[in-house]
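Commentary on secondary and tertiary structure
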Amino acid sequence: MPTTSSKPFSYEALPGSGQVAYFSMEIAIHPSMPTYSGGLGVLAGDTLRSAADLGIPLAAFTLLHRKGYFQQHLDPDGVQTEEVQPWNPADFCTEEPARITVSIEDRVVTVRAWRYDLEGRFGHVVPVYLLDTDLDGNSGWDRGLTDHLYGGDTNYRLQQEIVLGMGGVRMIHALGLNVNVYHMNEGHAALLTLALLESQVGGGPLGAATKADIEQVRRKCVFTTHTPVPAGHDRFSTEQAIRILGGERTARLEKLGCFRDGLLNMTLLALCFSRYANGVALQHGKVSRQMFPEFTIDTITNGVHAATWMSAPVQRMMDEHIPAWRRDHLCLRNAIELPESEVLAAHARAKDELLSEVASCAGVVLNPKALTLGFARRAATYKRATLLFTDPERLKKIAVAAGGLQILYAGKAHPQDEPGKALIRQVIEEAARLSNDALRIVYLENYAWDLGALLTAGVDVWVNTPRRPYEASGTSGMKAAMNGVPSLSILDGWWIEGCIEGVTGWAIEDGANDQEEANSLYAKLESAVVPLYLAPPERWARLMRTTLAFNGSYFNTNRMVKQYTRSAYYPVSLLERAKVEEEVYVD
Ligand SMILES: *Cc1c(COP(=O)(O)O)cnc(C)c1O
């Protein structure tokens, strides 16, 4: 039956009308707020920036992280030490008067929120609420619960997750927000489902929750999983769950099937309570379905926020030739027609900016004409930062053939990740051993937002060497593409979708072991990358144009947020239901 409603469609008209609440343990909100550690937080921030640009009714919840993640220091031997990054919330945020409490172990902990208003390009605001337990009346321990991102042990983590998930839901009520979709960005926020269930049963005992109560919660929740690495999924022992969450909640979670191998699994909890779940690249969706075969898991491939990651010189060029790109990122496809000389000039400016940062930070003067590779990301072992050094003699020969080769590294290892720290030491040792007149290798300290932007825009080729299939998506190569910088990468994560050989970059072919994949990496440098770099520069400019046109126009968070809106937040099935309910109401 066709609908006869004359009212224009609005999201607010949905059943239980309201907005989306987006929950993430880390969000890169502002370059000077140390509230993120890496790709997950940057993705969350880019999601919110696009939601603000697109006018999506959405509010975000995270923890304040008063002492940040950490500032990285590297000594000459590559030994990493960490320093806290205290910051002043009042410099960026407004304190909300609301106070709520959560129960942790046998304590009642009071929580407040600081609001940061993220404004989109047409003035739409996405508020970010940063939860904070540093309040008089809380014990010294509890006051520190929102200090450290990914700090402490699993007891600390589970208590933080209570503040984020359960505290967040209660804060939504205290703030008077009207929310009809709860998006869990990774499993850290999965306990929000418990708070919703408790509120569904009127705060009464969870044992009384019926199937219909659970279905009511499921109708509101969506979930994105972000890693195929089992250790990346939060798990807690039964003893911890009983002690920290309480016996009744733990029993309920056990009954619902949220335990695997005797551990409370936050991914399972989120999946159990979500009407929609997704992975973050086509292959990652597939791997996630294999990990959790009893659930339906869709895919929405990640993106990056174009205006955040495109360098100023490239933005100026785009504004001049394709001004519509800001309004509609599909127009980035027209980069295919940019004048070659301007593409080269814009990139040269971005490269100069990067090299002057290298000079001032590392005291190393590099050659702006020399082929420059970038490799920067968390120093996790599966990313294999040292694969490039598998055959040092071959690498040196490539450097000579290229008339000079420069490799820029950066990345932090989690403070408790000893193998990751060993990788950094190894890269720095190799850099000292191999660097000569033709080959320069520099490890830059304290990889974060600003340095990431300079690197992805300023290098000539972005390199990525993960061990398959552990890279869920990866986003730094998308930032490079947004600047026309091609990738040379293992076919894992987003690159399976993004690689068009010789057009957006090059694939390192799958091998049986590290040695074989390193061979393919060298072969691609020798046979494709170096010859093209030494060819007349217009040919390199054409590669940059096709990279920006094909991959900038697709791997952006505007496209991604639109997909979340239509597939996860307000899918057609829900919109249909909204229409039917409206008709019934009108009748
Ligand atoms: C984009 C970004 C990442 C993610 O990099 P991947 O290569 O996708 O893992 C990590 N850290 C920072 C600071 C970033 O800006």
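1. With respect to helix H4 (residues 192–200)
Burial analysis of H4 places seven of its nine residues in the buried class, the great majority of the element. For H4, the full list of buried residues reads Leu192, Thr193, Leu194, Ala195, Leu196, Leu197 and Glu198.

2. Some details on the confidence of the model for the protein chain
In this model, the protein chain carries an average pLDDT of 94, and 95% of its residues clear a pLDDT of 70 or more. Considering only residues more than four positions removed or in separate chains, one finds that residues 1–13, a stretch of pLDDT under 50, has 16 contacts.

3. Observations concerning the packing of helix H12 (residues 340–362) against helix H15 (residues 449–458)
H15 packs onto H12 with a crossing angle of 135 degrees between their chain directions and a minimal axis gap of 8 Å. On the basis of the axis angle, H12 is oblique to H15. Where H12 crosses over H15, the handedness of that crossing is left-handed. Contact with H12, carried on its side by His347, Ala350, Lys351, Glu353, Leu354 and Glu357, involves Leu454, Leu455, Ala457 and Gly458 of H15 and no other residues of that element.

4. Concerning the pattern of salt bridges
For the structure shown, the criterion picks out 35 salt bridges. Taking the shortest distance from any N to any O, the salt bridge between Lys67 and Asp147 comes out at 3.5 Å. Pair noted here: Lys67 is in the loop between strand E2 (58–63) and strand E3 (71–74) and Asp147 is in the loop between helix H2 (140–143) and helix H3 (154–175), with a separation of 80 residues, a long-range link. With a relative accessible area of 9%, Asp147 lands in the buried category. A salt bridge links Arg107 to Glu105; its shortest N-O distance comes to 2.5 Å. Through salt bridges with shared partners, a single ionic network connects Arg66, Glu95, Arg99, Arg112, Asp132, Asp134, Asp136 and Arg143.

5. Looking at the sheet that holds strand E11 (residues 235–237)
In a beta sheet, neighbouring strands are held together by backbone hydrogen bonds and run either parallel or antiparallel to one another. Taking strand neighbours across the sheet as the criterion, the three strands line up as E11-E13-E12 in an open arrangement whose pairing is antiparallel. A single partner strand is all that each edge strand has here, and the edge strands are E11 and strand E12 (259–260). As paired strands, E11 and strand E13 (residues 263–265) are joined by three bridges and run antiparallel to one another. Following the sheet pairing, Phe236 is matched in E13 by Leu264.

6. Thoughts on the side chain of Arg384
Here Arg384 is to be found in the loop between strand E16 (371–376) and helix H13 (392–401). Exposure remark for Arg384: the relative accessible area of 5% places this residue in the buried category. Among the polar contacts listed, one links the side chain of Arg384 to the backbone oxygen of Pro466, at a separation of 3.0 Å. Contacts of Arg384, omitting those with residues within four sequence positions, involve Phe375, Thr465, Pro466, Arg467, Ile490, Asp514 and Glu517.

7. Side note on the nonpolar core
In this structure, Met318, Tyr409 and Leu455 are the most contacted members of the largest nonpolar core, which totals 90 residues. Looking at this core element by element, the count peaks at eight residues for helix H18 (residues 514–534). There are two domains that each give this core at least three residues, and those are domain 1 (18–299) and domain 2 (306–555). Other than its neighbours up to four places away in sequence, Met318 contacts Met310, Pro323, Trp325, Leu332, Ala335, Leu338 and Leu548.

8. A closer look at the site of the ligand
Of all residues adjacent to the ligand, which total 13 residues, the nearest are Arg377, Lys383, Thr475, Ser476 and Lys479. A distance of 3.0 Å separates an oxygen atom of the ligand from a polar side-chain atom of Arg377. One of the side-chain nitrogen or oxygen atoms of Lys383 is found 2.7 Å away from an oxygen atom of the ligand. Contact with the protein chains hides 96% of the accessible area of the ligand, taken as 390 Å² for the molecule alone. Of all elements in the fold, only helix H1 (39–54) and helix H16 (476–482) reach the threshold of two or more residues within the shell around the ligand. Of the residues assigned to the shell around the ligand, the class counts are five nonpolar, five polar and three charged.

Basis of the calculations
Residues numbered from 1 in each chain as written. Predicted model: local features only at pLDDT ≥ 70, side-chain atom pairs only at ≥ 80, totals over all residues. Heavy atoms only, no water. Buried < 20%, exposed > 50% of the residue type's maximum accessible area, 1.4 Å probe, protein only. Helix = DSSP H or I, 4+ residues; strand = E, 2+ residues; numbered from the N terminus. pLDDT = per-residue confidence, 0-100. Contact = heavy atoms within 4.5 Å. Axes fitted to C-alpha atoms, helices over the stretch in contact; angles between N-to-C directions. Parallel < 35°, antiparallel > 145°, perpendicular 65-115°, else oblique. Left-handed = near helix turned anticlockwise from the far one by under 90°. Salt bridge = Lys/Arg side-chain N within 4 Å of Asp/Glu carboxyl O. Pairing = 2+ DSSP bridges. Polar contact = N/O pair within 3.5 Å; in protein donor to acceptor, adjacent residues only side chain to side chain. Core = buried A, V, L, I, M, F, W, Y, C linked by side-chain atoms within 4.5 Å. Domains from an automatic or database assignment. Near = heavy atom within 4 Å. Areas by Shrake-Rupley, 256 points an atom, 1.4 Å probe, with all protein chains shown as cover. Nonpolar A, V, L, I, M, F, W, Y, C, P; charged D, E, K, R; others polar.

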